[in-house]
Amino acid sequence: MKWTLPQASDLAPRVDAIFFTLLGVTGLVAVAIFALMAFFCWRYRRGSSADRVAAPANNRPLEIAWTLAPLAIFLVFFGWAAVVYASFYRDDVKAMPVFVVGKQWMWRVQHANGRREIDALHLPAGRPVKLVLATEDVIHSFWLPAFRVKQDAVPGRYTTLVFTPTREGTYDMRCTEYCGTDHARMGGSVTVLSPEAFERWLGAGTPEGSMAVRGFEAYRRFGCSGCHEPGSSVHAPALRGLYGRTVHLADGRAIAADEAYIRDSILLPKRDVVAGYAPVMPTFAGQVDEGTILDLIAWIRSTKEDTP
Ligand code: CUA
């Protein structure tokens with residue numbers, strides 16, 4: 001039986017610090033309470049000579065102190081944990097995207113250059129990665145214990161995990177949301193490689209072309225280019241260089257152009273209409289599958305660099 005998990009991400013030491021501090025503080029309190037209980041049981045046992053004359057019925061300052069002290073301690077823990085938790089969900093547009101799709105009962109992983117894997121995930125050490133999670137059927141939950149990260153894959157939306165692997169090695173990958181018969185067997189392994197070994201691994205075997213190349217094909221096949229290409233007759237927002245920008249919407253909201261925004265714009269185009277444009281785009285729900293949407297996003301993302 002192993003008592004400690006390896007710490008394989010930048011988040012792991014921060015989570016462990018909270019966990020072990022909380023364990024230490026609550027453990028000390030528990031030990032102190034049991035020690036006092038045992039002492040008082042012995043001291044005031046029947047027949048002991050302890051002084052029972054004029055015992056106080058209550059002690060207001062003591063009661064206030066033992067109420068406020070734990071409150072203060074737990075508020076400190078709350079604040080600390082909230083800061084760490086919030087940092088889990090910060091977006092990082094520079095992080096390397098990896099797309100993970102849950103399906104009864106496997107995890108299908110795709111890298112931006114088109115390399116695919118099933119129930120396995122290869123990552124480079126020392127480089128921030130952003131896992132974009134989707135599901136083709138029910139809710140799954142993607143859990144990497146050694147990285148101290150866990151995130152649900154929810155039908156109809158994307159969820160993300162941003163972290164930096166810090167230690168080379170092979171670690172567990174699990175599904176941790178009950179999702180049917182083979183839930184317990186849904187999982188695999190994560191392999192963290194050195195950056196050079198990762199580049200070699202990534203470069204070997206991408207027969208179908210990168211996601212961005214397939215995304216550009218879909219951009220033309222579905223007719224997106226007819227309106228979104230600069231110089232087209234229909235007035236539609238340009239897509240090149242869109243990823244990571246802030247988009248101002250017709251109703252006054254401002255929204256970051258991330259994976260979820262682009263997906264929603266394809267499937268629910270009337271919801272987030274860009275300021276200055278007419279809501280003329282038709283929905284592509286039911287026509288484009290999840291894989292193709294991810295390809296389209298990968299293409300839009302890839303246009304970031306070559307846009308002035
Ligand atoms: Cu997928 Cu449990």
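Preceding this paragraph is the structure being described.
Residues numbered from 1 in each chain as written. Predicted model: local features only at pLDDT ≥ 70, side-chain atom pairs only at ≥ 80, totals over all residues. Heavy atoms only, no water.

J.: Teacher, can you tell me more about the sheet that holds strand β5 (residues 129–135) here?
T.: Here we have five strands laid out as an open sheet, ordered β3-β2-β1-β5-β8, and mixed in their pairing. Only two strands of the sheet have a single partner each, and these edge strands are β3 (116–118) and β8 (159–163). Here the average twist between neighbouring strands, direction ignored, is 20 degrees. (Pairing = 2+ DSSP bridges. Helix = DSSP H or I, 4+ residues; strand = E, 2+ residues; numbered from the N terminus. Axes fitted to C-alpha atoms, helices over the stretch in contact; angles between N-to-C directions.)

J.: Hey, could you run me through the environment of L23 in this one?
T.: Inspection of the secondary structure assignment puts L23 in helix α1 (residues 12–43). Among the residues examined, L23 registers a relative accessible area of 49% and is labelled partly exposed. Expressed as a C-alpha distance, the spacing of L23 and R148, which sit 125 residues apart in the sequence, is 17 Å. (Buried < 20%, exposed > 50% of the residue type's maximum accessible area, 1.4 Å probe, protein only.)

J.: I would appreciate a short explanation of the nonpolar core in the present structure.
T.: Note that soluble globular proteins tend to have their nonpolar side chains buried in a common cluster. In terms of nonpolar packing, the biggest core is built from 36 residues, with L121, F142, L144, F147 and F163 touching the most fellow members. The element best represented in this core is helix α3 (residues 195–203), accounting for four residues. Not counting chain neighbours up to four residues away, the residues in contact with L144 comprise L131, V149, F163, D172, M173 and V190. Residues F99, Y219, L242 and Y243 belong to the second largest nonpolar core, which totals 30 residues. (Core = buried A, V, L, I, M, F, W, Y, C linked by side-chain atoms within 4.5 Å. Contact = heavy atoms within 4.5 Å.)

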